[in-house]
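# Close look at the chain arrangement
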Amino acid sequence: MKLLVIILLFIFPYNCTPNTDFNKSELVSDKGEKLKERADTTVLSEIIPKEISTSNYFSREYFVVIANDTSGFSCIISQNKTNERIFILLNYSALKKTYNSFALADSAEVTERQRKFKRFSKPNYPEQIKELKLILDHASKEFDLSKLTSLRLSMGTISGFSTNITKQYIQQFGENFSNPSNKKVVHLIEDSYLSDDLKRILAPYSLKITKCSVDGLVYYKPREQTENKTSSEGNLIFEGFVYFNIIRD
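Report on the accompanying structure. (Residues numbered from 1 in each chain as written. Predicted model: local features only at pLDDT ≥ 70, side-chain atom pairs only at ≥ 80, totals over all residues. Heavy atoms only, no water.)

### Quick look at the packing of aromatic side chains
Put simply, the test is: In this scheme Phe, Tyr and Trp rings, the latter by its six-membered ring, pair at centre separations within 6.5 Å, and the angle between planes marks the pair as stacked below 30 degrees, edge-to-face above 60, and tilted otherwise. Helix and strand labels come from DSSP, where a helix needs a run of H or I of at least four residues and a strand needs a run of E of at least two; each type is numbered from the N terminus. The cut-offs for exposure are 20% and 50% of the maximum accessible area for each residue type, with area from a 1.4 Å probe on protein chains only; residues under the lower value are buried, those over the upper are exposed, and the others partly exposed. By the criterion adopted, a ring carries a charge over it if an Arg CZ or a Lys NZ lies within 6 Å of its centre and within 35 degrees of its normal.
All told, the structure shown has eight aromatic pairs when counted by the stated rule. Between Phe-63 and Tyr-99, the ring centres sit 6.4 Å apart and the planes meet at 5°, which makes this aromatic pair stacked. With Phe-63 in strand 2 (residues 57-66) and Tyr-99 in the loop between strand 4 (86-92) and helix 4 (107-116), this pair connects stretches of sequence that are 36 residues apart. Among the residues examined, Phe-63 registers a relative accessible area of 6% and is labelled buried. Taking relative accessible area as the criterion, Tyr-99 reaches 22% and is therefore assigned partly exposed. An angle of 80° between the planes, with centres 4.9 Å apart, marks the rings of Tyr-169 and Phe-238 as edge-to-face. Within this pair, whereas Tyr-169 is found in helix 6 (residues 161-173), its partner Phe-238 is found in strand 7 (residues 237-248), the two being separated by 69 residues in sequence. By relative accessible area, which is 0% here, Phe-238 ends up buried. Three or more aromatic residues joined by ring pairs make a cluster, and in this case those are Tyr-125, Phe-161 and Tyr-193. Note that Lys-97 overlies the ring of Phe-120, its terminal NZ or CZ placed 4.9 Å from the centroid.

### Structural notes on helix 5 (residues 125-139)
Going by this rule: To estimate the expected span of a helix, count its residues, drop one, and scale the result by 1.5 Å.
In this model, helix 5 (15 residues) spans 21 Å end to end at C-alpha, consistent with the 21 Å of a helix rising 1.5 Å per residue. Taken across its 15 residues, helix 5 has eleven buried, putting it largely inside the fold. When helix 5 is considered as a whole, its buried residues turn out to be Tyr-125, Pro-126, Glu-127, Gln-128, Ile-129, Lys-130, Glu-131, Leu-132, Ile-135, Leu-136 and Ala-139.

### Here's the deal with empty space enclosed by the protein
Cut-off, in case you're wondering: Points on a 1 Å grid, built from protein atoms alone, make a cavity when a 1.4 Å probe fits but cannot get out and make a pocket when they are open with protein on both sides within 12 Å along at least 5 of 7 lines; residues with an atom within 4 Å of a point are the lining residues. Grid points are joined across faces, edges and corners, and a volume is the space filled by probe spheres set on the points. For this classification, the nonpolar set comprises Ala, Val, Leu, Ile, Met, Phe, Trp, Tyr, Cys and Pro, the charged set comprises Asp, Glu, Lys and Arg, and every other residue, Gly included, is treated as polar.
Considering all chains together, one arrives at one cavity of 30 Å³ or more under this definition. In this model, the largest cavity occupies a volume close to 40 Å³. Those elements that provide at least two residues to the lining of the largest cavity are helix 5 and helix 8 (193-202). Among the elements that make up the lining of the largest cavity, the one with the highest residue count is helix 5 (four residues). Classifying every residue of the lining of the largest cavity gives eight nonpolar, one polar and no charged.

### Some points on unusual backbone geometry
Positive phi is not limited to glycine here, since Ala-67 has a value of about 60°. Of note, Ala-67 is situated in the loop between strand 2 and strand 3 (69-80). The class for Ala-67 is partly exposed, based on a relative accessible area of 43%. One non-glycine residue with positive phi stands out, namely Glu-84, at about 65°. Residue position: Glu-84 is located in the loop between strand 3 and strand 4.

Here it is, written out as structure tokens:
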């Protein structure tokens, strides 16, 4: 849990704003399909320092680079050194990777260096799915994925996902966000295209999802909507941390 809490501190501040133009037809976009065909596509990985992952875990962060373009989407794989159980954390940041989050102690210096950094690319949903497939194929040579027990992500990590789930929630249950039900949102996630794609990606490793849960469910107004002064309740979207429990099939 200490590992999860530490990493969460770096997820929510840097999450991308969900793509409100997302639609399911993007799942088969040519751009996403061609990712695996490019000869200049590389999966890179970096060990996360023990100061971040704690001494009980070995953690490595994976991400895709196409030519000189680094994806802001990351897959962090952590293994407990005692029981060898593995969990995966999906993350997005346009500014930095988790493995070097503590590289600089002085916040002013961090801010100044971030201004000089080239922002990482923002993959759409099909690209994220393709990147995750490539990453797991690469990581399976370094980790025994049969020991994978959970996959975790914030809803905002997946492009367009928060917006899509919120739209479905409104269609089925109305726009009353005063008391959102975790169970209702969990049911929507279980029946989502994301769950279907994760099941398909995990199947070659003889893994299956047995349960989904949501922690810290909140609703908020995306930053650009606030700046544009759009204030209707329908513009609110959900955010929360999603857990998929996984077992060997």
